[in-house]
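# A closer look at the structure
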Amino acid sequence: MSDTNIFKVLSDKQRRDILVMLKNGRMNAGEIAKQLEITPAALSYHLKLLKGADLIMEYKQKNFIYYEINTSVFDELILWIGQFGGDKG
């Protein structure tokens, strides 16, 4: 997935809220939908985009699918963004 698509995915507040929730650990879709107070269909759409951008990963455990942040993508973004800051002199 390109950086441009990652930024498009991150432009939505609900998707950013999902990532903030997942920073504390794995959650299943029901837990996420309940906290965000959104329908399962709306959550499914957001999770699909986040997975497509490799920002989250899913794990199946018995009858549940759990989601967690893919920190390696964020590490790459931080390194890329870091090239624009720092020492200018």
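Here the structure is shown first, and the text comes after it.
## Some thoughts on helix α3 (residues 29-36)
- Within the span of α3, buried status applies to Ile32, Ala33 and Leu36. The arc that holds the buried residues of α3, viewed along the axis, is 95°, so those residues lie on one side. Pointing more than 90 degrees away from the buried face of α3 are the exposed residues Lys34 and Gln35.
- Looking at the buried positions of α3, the neighbouring elements they touch are α2 (13-22), β1 (27-28), α4 (40-52) and β3 (64-69).
- Two to three positions downstream of the cap, the backbone nitrogen of Gly30 sits 3.0 Å from a side-chain oxygen, assigning the N-cap of α3 to Asn28.
- Within two residues after α3, Glu37 carries a phi angle of roughly 60°, on the positive side.

## Some remarks on the side chain of Asn28
- Along the chain, Asn28 turns up in strand β1.
- We classify Asn28 as buried; its relative accessible area is 9%.
- Not counting residues within four places of it along the chain, the set of residues in contact with Asn28 comprises Phe64, Ile65 and Tyr66.

## Overview of the nonpolar core
- Residues Ile18, Leu22, Ile32 and Leu55 are the most contacted members of the largest nonpolar core, which totals 22 residues.
- If you tally residues by element for this core, the top one is α2, at 4 residues.
- Dropping the residues within four chain positions of it, Ile32 is found in contact with Ile18, Met21, Leu22, Met27, Leu43, Leu47 and Tyr67.

## What to know about unusual backbone geometry
- Its identity is not glycine, yet Asp54 carries a phi of approximately 60°, on the positive side.
- Position of Asp54 among the secondary structure elements: in the loop between α4 and β2 (56-61).
- Given a relative accessible area of 38%, Asp54 falls into the partly exposed group.
- Its identity is not glycine, yet Lys62 carries a phi of approximately 55°, on the positive side.
- Assignment of secondary structure puts Lys62 in the loop between β2 and β3.

## Observations concerning the packing of aromatic side chains
- This model, assessed by the stated rule, comprises 3 aromatic pairs.
- Ring geometry for Phe7 against Trp80: centres 6.0 Å apart, planes inclined by 45°, an arrangement best described as tilted. With Phe7 in helix α1 (residues 3-10) and Trp80 in helix α5 (residues 71-82), this pair connects stretches of sequence that are 73 residues apart.
- A relative accessible area of 33% means that Phe7 is categorised as partly exposed.
- Geometrically, the ring pair formed by Phe64 and Tyr66 is tilted, given 6.2 Å between the ring centres and 50° between the ring planes.

What counts and what doesn't
Residues numbered from 1 in each chain as written. Predicted model: local features only at pLDDT ≥ 70, side-chain atom pairs only at ≥ 80, totals over all residues. Heavy atoms only, no water. Buried < 20%, exposed > 50% of the residue type's maximum accessible area, 1.4 Å probe, protein only. Helix = DSSP H or I, 4+ residues; strand = E, 2+ residues; numbered from the N terminus. Arc of directions from axis to C-beta. Contact = heavy atoms within 4.5 Å. Polar contact = N/O pair within 3.5 Å; in protein donor to acceptor, adjacent residues only side chain to side chain. Core = buried A, V, L, I, M, F, W, Y, C linked by side-chain atoms within 4.5 Å. Phe/Tyr/Trp six-rings, centres within 6.5 Å; stacked < 30°, edge-to-face > 60°.

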